[in-house]
Amino acid sequence: MSLRGFRAQILSVAQDPRVHGPQALRYEEDGLLIVDGGIVTARGSYAQLAPKFTGVPIETFPDKLIVPGFVDTHVHFPQIDSIAAYGEQLLEWLQKHIFPAEMRYSDEGFAAQSAAFFCDELLRNGTTSALVFPTVHPQSVDAFFAEANARNLRMICGKVLMDLGPEGLRDTPETGYSQSAALIKRWHGTGRLGYAATPRFAVTSSPEQLQAAGALVKSHPDVLMHTHLSENHSEIAQVARQFPSALDYTDVYGSHGLVGANSVFAHGIHLSDRECGELSQAGSTVAFCPTSNLFLGSGLLDLQRLFDVGVHVALGSDVGAGTSLSMLQTQGTAYQVAQMRGLALDPFRSLYLATTAGAMALGVEDKIGSLEIGQEADFLVLDPAATPLLARRTASADLRDRLFAMQILGDDRCIFATYILGQCAHWRDPGYANLQVQKDVA
């Protein structure tokens, strides 16, 4: 039987609570989620729905919370082995740690092994969709997409374009375009996969390559554009030297046709008012990567400023500069960074940034992000008592306080289970799954 039920507390945030208030939240204290063929077909209170689905097997998770799967809008899978690399800021860090590590991805076998580990780590941390940087090597894209497709994951990726990269990490405007076009034909729309044109950042691309990237986006209007923007002061100065006629960093991309509604820019820490206005008007997304921004000493994003000027924001882990694949830890660090800028980020809004806002950035909010009827059943079972400290902290807490405690104190241990299309893809403890999860028939 493909029809299955899941009983627990259920929470989703389909709209920005800052704009829409309490009605942005949907919460069932004793909820039932009905899934058929990987799609949510019913959701509501257990008492009301259960009589309509007699005979349907139901998995029950007492004292647990079901939420939509997390969406990571900026992460580098080839940097998984470089996480926590000591010292340096952005440009020096790339030269010392990252570029040498990425050169290994010309090896198809190594790329495949790394992609498999990375996908499994995403699931262990509750990330069910992501916008992913590979390397300049087409085989790194093939490796990632093959592993993601084998797990039925909704993922977006695209060959890195960098004709000014170091030897061993360099393409040309022509090969960058042709290889990307071939990868789009091979993978875009396969299973739950999508493609993103991916210039690394302006520092490693010539004007000719950025022009080719713009042409790629124009000829494939349903792909995303994914790059870095305004992360580090030295980076910004280098871009100004390379593109002296540009108004600013954002204009470098805009003048090459790379600023649009399908564009996702990682970081955006040091944007001018003009740049914020351009991004807002275009409908582009800034991927806020707080653990990375702190680790590399890049700066503190003024989240309230972006909200106020209408720039769409979602969350990214940015591993390997980011220090964890856990989107719970990312939410916790986002709260702390926002506090340094005078904003106490509401926990429900933080969940929105990690789910629906991310789905919107990826252009798939009709498919994932809020567990509404007709959406794909990618979801997490969160455990508010995952550690002794969390159990003590959340014992008598209300929903808001439990959620906030998990964002501040939680990590991968809070992910009791991860479901992809209604099928369990990760259990925190497989033995516990067999022994303790209550299964009954409505």
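Definitions and cut-offs
- Residues numbered from 1 in each chain as written.
- Predicted model: local features only at pLDDT ≥ 70, side-chain atom pairs only at ≥ 80, totals over all residues.
- Heavy atoms only, no water.
- Salt bridge = Lys/Arg side-chain N within 4 Å of Asp/Glu carboxyl O.
- Helix = DSSP H or I, 4+ residues; strand = E, 2+ residues; numbered from the N terminus.
- Buried < 20%, exposed > 50% of the residue type's maximum accessible area, 1.4 Å probe, protein only.
- Expected span 1.5 Å × (residues − 1).
- Contact = heavy atoms within 4.5 Å.
- Polar contact = N/O pair within 3.5 Å; in protein donor to acceptor, adjacent residues only side chain to side chain.
- Axes fitted to C-alpha atoms, helices over the stretch in contact; angles between N-to-C directions.
- Parallel < 35°, antiparallel > 145°, perpendicular 65-115°, else oblique.
- Nonpolar A, V, L, I, M, F, W, Y, C, P; charged D, E, K, R; others polar.

### A short note on the pattern of salt bridges
- The tally for this structure, following the rule as stated, stands at 27 salt bridges.
- We note a salt bridge from Glu 376 to Arg 154, for which the minimum N-O separation is 2.8 Å. Of this pair, Glu 376 sits in the loop between helix H15 (356-361) and strand S14 (379-382) while Arg 154 sits in strand S7 (residues 154-157), placing them 222 residues apart in sequence.
- Owing to a relative accessible area of 12%, Glu 376 belongs among the buried residues under this scheme.
- For Glu 278, the salt bridge goes to Arg 274, with nearest N and O atoms at 2.6 Å. Remark: Arg 274 and Glu 278 occur in helix H10 (residues 273-282); sequence separation between them is four residues, near one turn of the helix.
- Judged by its relative accessible area of 35%, Arg 274 is partly exposed.
- Ionic contacts of the salt-bridge type, sharing partners, join the residues Arg 26, Glu 28, Arg 43 and Glu 372 into one network.

### Comments concerning helix H4 (residues 108-124)
- For H4, built from 17 residues, the straight-helix expectation of 24 Å at 1.5 Å per residue is met to within 8% by its first-to-last C-alpha distance of 24 Å.
- What H4 keeps buried is the set Phe 110, Ala 111, Ser 114, Ala 115, Ala 116, Phe 118, Cys 119, Glu 121, Leu 122 and Leu 123.
- The elements touched by buried residues of H4 are strand S5 (70-76), strand S6 (127-133), helix H5 (138-150), S7, strand S15 (415-420) and strand S16 (423-427).
- Among the residues of H4, the N-terminal cap falls to Asp 107, whose side-chain oxygen and the backbone nitrogen of Gly 109 are separated by 2.8 Å.

### Looking at the packing of helix H13 (residues 327-340) against helix H17 (residues 399-409)
- In contact at an axis separation of 6 Å, H13 and H17 are set at 95° when each is read in the N-to-C sense. Our classification of the angle between H13 and H17 gives roughly perpendicular. Between H13 and H17, the residues in contact are Leu 328, Gln 331, Gly 332 and Tyr 335 and Phe 404, Met 406, Gln 407 and Ile 408, respectively.
- The residue makeup of the contact of H13 with H17, split by class, is five nonpolar, three polar and no charged.

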